[in-house]
Amino acid sequence: MRIGILGTGILATALATRWTSAGHHVSIGGRSIERARAAAEAAGARTRRLSEIAVDSDVVLLAVHWTGIGDILTAAGAPAGSLTGKILIDPTNAVDHGVGVLRTEPGRALAQQIAGLAPGAHVVKALHLFPSTQWTTPASPPVTVAMCGGDSRALEIAGSLVRDLGGMPAVLGGLDRARQLEEVAGFVIGLAFSGVDPQSAIPGAPSTGTGPA
């Protein structure tokens, strides 16, 4: 799989490293070509300019701070249709750091806003609940990665990439469920920064084994 990553931070580097190790062809692009080159070298990936990422990739990961999403998608040509037909994985969280309050408009998910900025792309909300360290030292048994999206093939491929990271994908539904996933991220972040283990606030319930995966 050809994977392009928009972003040069620790999540971008961690995921690029794991996907490269799994045999995928990974390219990294960022607003700073020097930072992109450093991240690519650390991950064993290639460096690409932002304008080249869409051309070289089947799947694109948007790994930037939420405030920079519009700028980096514009630089990658997304509003002009460069990501049409591509799978666009969104692991971003529009939340106040350490508080968990969502900063998106009421009732609308950030993933839906991203879909509007990248017409024709198959957006999948995924990989937004765990820190980058989760993917540098995967847990056993694997963690569950909740995701949602409107295209079945995009969800299948994103799920395969999650498995390559050492996770287990669980599809919640269409992109209209993304707001719910983003609210969960705010809930988890808020509890964690207040010193509470988020897992202690979630009641255990056995799986019925009948839901989508």
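About the thresholds
Residues numbered from 1 in each chain as written. Predicted model: local features only at pLDDT ≥ 70, side-chain atom pairs only at ≥ 80, totals over all residues. Heavy atoms only, no water. Pairing = 2+ DSSP bridges. Helix = DSSP H or I, 4+ residues; strand = E, 2+ residues; numbered from the N terminus. Expected span 1.5 Å × (residues − 1). Buried < 20%, exposed > 50% of the residue type's maximum accessible area, 1.4 Å probe, protein only. Contact = heavy atoms within 4.5 Å. Right-handed = clockwise from strand over helix to strand, strands pointing away. Axes fitted to C-alpha atoms, helices over the stretch in contact; angles between N-to-C directions. Parallel < 35°, antiparallel > 145°, perpendicular 65-115°, else oblique. UniProt positions renumbered as here; feature names shortened; annotations may be inferred.

(A) Structural view of the sheet that holds strand E4 (residues 59-62). The sheet built from eight strands is open, its strands ordered E3-E2-E1-E4-E5-E6-E7-E8 with mixed pairing. Edge strands, defined here as strands with exactly one partner in the open sheet, are strand E3 (46-47) and strand E8 (168-173). With two bridges connecting them, strand E2 (residues 25-29) and E3 associate as parallel partners. Bridge pairing in E3 links serine 27 to arginine 46.

(B) Seen up close, helix H1 (residues 10-21). When the terminal C-alpha atoms of H1 are compared, their 17 Å separation across twelve residues agrees well with the 16 Å that a helix rising 1.5 Å per residue should span. Along H1, the residues that are buried comprise Leu11, Ala12, Thr13, Ala14, Leu15, Ala16 and Trp19. Contacts made by the buried residues of H1 are with strand E1 (2-6), E2, helix H2 (33-43), E4, helix H6 (133-136) and helix H7 (152-165). Immediately beyond the C-terminal end of H1, within one or two residues, lies glycine 23, with a positive phi of roughly 100°.

(C) Expanded view of the pairing of strand E7 (residues 144-149). Alignment of strand E6 (residues 122-125) against E7, held across two bridges, turns out to be antiparallel. For lysine 125, the partnering residue across the bridge sits in E7 and is cysteine 148. At this point the chain moves from E7, through H7, to the parallel E8, and the crossover so formed is right-handed.

(D) Inspection of the packing of H1 against H7 at higher detail. Running from amino to carboxyl end, H1 crosses H7 at an angle of 90°, the nearest separation of the two axes being 9 Å. The angle between H1 and H7 falls in the class roughly perpendicular. The residues of H7 that touch H1, namely those facing Leu15, Arg18 and Trp19, are Leu161, Asp164 and Leu165.

(E) Expanded view of the UniProt feature "domain: Pyrroline-5-carboxylate reductase catalytic N-terminal" (unreviewed entry) in the protein chain. The residues that UniProt annotates with the feature "domain: Pyrroline-5-carboxylate reductase catalytic N-terminal" (unreviewed entry) are residues 2-93. What you have in residues 2-93 is 40% helix and 22% strand, and the ends, taken at the C-alpha atoms, are 25 Å apart.

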